[in-house]
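Fold and geometry: a report
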Amino acid sequence: MQIRKVTVLGAGQMGSGIAQTFAQHGFEVVLYDIGQEQAARGLGHIRASLVRLANKGRISAEQSQAALDRITLSATLADAADSGLVVEAAPENLEMKKTLFRELDRRCGPDAILATNTSSLPITEIAAATARPEKVIGMHFMNPVPVMPLVEIIGGLRTSDDTLASVKALAQAIGKTAVEVRDYPGFVSNRILMPMINEAVYAVYEGVALPEAVDLVMKLGMNHPMGPLALADFIGLDTCLAIMETLRDGFGDSKYRACPLLRQYVQAGWLGRKTGRGFYDYGDEQRG
């Protein structure tokens, strides 16, 4: 089955980036969110991203407009019915994702592949919510999606070899490097990254150093392009906390205990760039 139409669920930062990337590579895209306003906001982010690329000479104005023209907005899951691939990019909530996959299983054609962009949750359990577990897979993009070349491909226990091969081919078709990993909490990327971020938060919590100092040590001493606390703000502190809790619950190991300061920031609504405040204050920078 040749896939030419893709539905992306969730028009936030990740979903918009996924939709943009598929559209830039010639796919027809339905960008879904729970309301037209949210979907339109996501399209606005895509438009701004494409304009930046055109202004930098990376794509032409015609290519920018062609990518936009391939995107259709939706606020109803019924519009996913004729897509060959659905990529879910909803918040990191297992029950929410299982509910979405049950609904997609009911609405989509029998050959459709259902993918989740989860950064840590179990693919096998999400797949078990459907009657097509062999066609459910993890497709974990990195942020910002149009720029980052990696996609983690995660098969659940019952994901078929055909589904794995199809999704790897799709990742390559949109210019990504597909790396297959097994279905364990955090996969590879976040199993390694999040404990490092959590330890950086502990360094601030325990008064070892200020956030700026922690980030400078990792940038100048370890050659990281971005410090772990600035990266946490970029990812979203609520997402970081959710992943740490998934790691703790999945492995039952206290080494994955989230730092109390991380939990407190999330409780305060200091979630990073998207709220204007995290470990750094972003003032009047654009939020959302």
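Residues numbered from 1 in each chain as written. Predicted model: local features only at pLDDT ≥ 70, side-chain atom pairs only at ≥ 80, totals over all residues. Heavy atoms only, no water.

Taking an unreviewed UniProt entry as the reference, the protein chain is identified by name as 3-hydroxybutyryl-CoA dehydrogenase belonging to Paenibacillus arenilitoris. On record in UniProt, under Sequence similarities (unreviewed entry), the comment for the protein chain is "Belongs to the 3-hydroxyacyl-CoA dehydrogenase family." Under the UniProt heading Pathway (unreviewed entry), the entry covering the protein chain gives this text: "Lipid metabolism; butanoate metabolism." (UniProt positions renumbered as here; feature names shortened; annotations may be inferred.)

Structurally, Thr-159 is set in the loop between strand E7 (150–155) and helix H6 (161–173). Of note is the side chain of Thr-159, whose polar atom sits 2.7 Å from the backbone oxygen of Val-136. A polar contact of 2.7 Å, which involves the side chain of Thr-159, links it to the backbone nitrogen of Gly-156. The residues touching Thr-159, leaving out its near neighbours within four places in the chain, are Pro-133, Glu-134, Val-136, Ile-137 and Leu-164. (Helix = DSSP H or I, 4+ residues; strand = E, 2+ residues; numbered from the N terminus. Polar contact = N/O pair within 3.5 Å; in protein donor to acceptor, adjacent residues only side chain to side chain. Contact = heavy atoms within 4.5 Å.)

Before going further, it helps to spend a moment on the sheet that holds strand E6 (residues 136–141). Whenever strands of a sheet pair, they do so through backbone hydrogen bonds, lying parallel or antiparallel. As summarised here, the arrangement of the eight strands in space is E3-E2-E1-E4-E5-E6-E7-E8, forming an open sheet in which the pairing is mixed. Since the sheet does not close on itself, it has two edges, and those belong to strand E3 (71–74) and strand E8 (177–181), each with one partner. The mean angle between the axes of side-by-side strands here comes to 25°, regardless of whether they run parallel or antiparallel. Two elements, strand E5 (residues 113–116) and E6, share three bridges in a ladder whose sense is parallel. Residue pairing in the sheet places Ala-115 in a bridge with Ile-137 of E6. Running at roughly 165° to E5, helix H4 (residues 94–107) makes contact with strand E1 (5–9), strand E4 (85–88), E5 and E6 of the sheet. Sheet contacts for H6: E4, E5, E6, E7 and E8; angle to E6, the most-contacted strand, approximately 25°. (Pairing = 2+ DSSP bridges. Axes fitted to C-alpha atoms, helices over the stretch in contact; angles between N-to-C directions.)

This part covers the packing of aromatic side chains. Counted under the stated rule, the structure contains five aromatic pairs. Measuring from centroid to centroid gives 5.3 Å for Phe-22 and Phe-27, while their planes differ by 90°, and the two rings are edge-to-face. Residue Phe-22 shares its accessibility class with Phe-27, and that shared class is buried. An aromatic cluster of three or more residues is present, and its members are Tyr-265, Trp-270 and Phe-279. Sitting over the face of the ring of Phe-27, Arg-4 holds its NZ or CZ atom 4.4 Å from the ring centroid. (Phe/Tyr/Trp six-rings, centres within 6.5 Å; stacked < 30°, edge-to-face > 60°. Buried < 20%, exposed > 50% of the residue type's maximum accessible area, 1.4 Å probe, protein only. Lys NZ or Arg CZ within 6 Å of the ring centre and 35° of its normal.)

Moving on, we come to the layout of surface pockets. Computed from the structure, the second largest pocket encloses a volume of approximately 200 Å³. By residue class, the composition of the lining of the second largest pocket is four nonpolar, four polar and three charged. (1 Å grid on protein atoms, 1.4 Å probe; cavity = no way out; pocket = protein on both sides within 12 Å on 5 of 7 lines; lining within 4 Å. Points joined across faces, edges and corners; volume = space filled by probe spheres on them. Nonpolar A, V, L, I, M, F, W, Y, C, P; charged D, E, K, R; others polar.)

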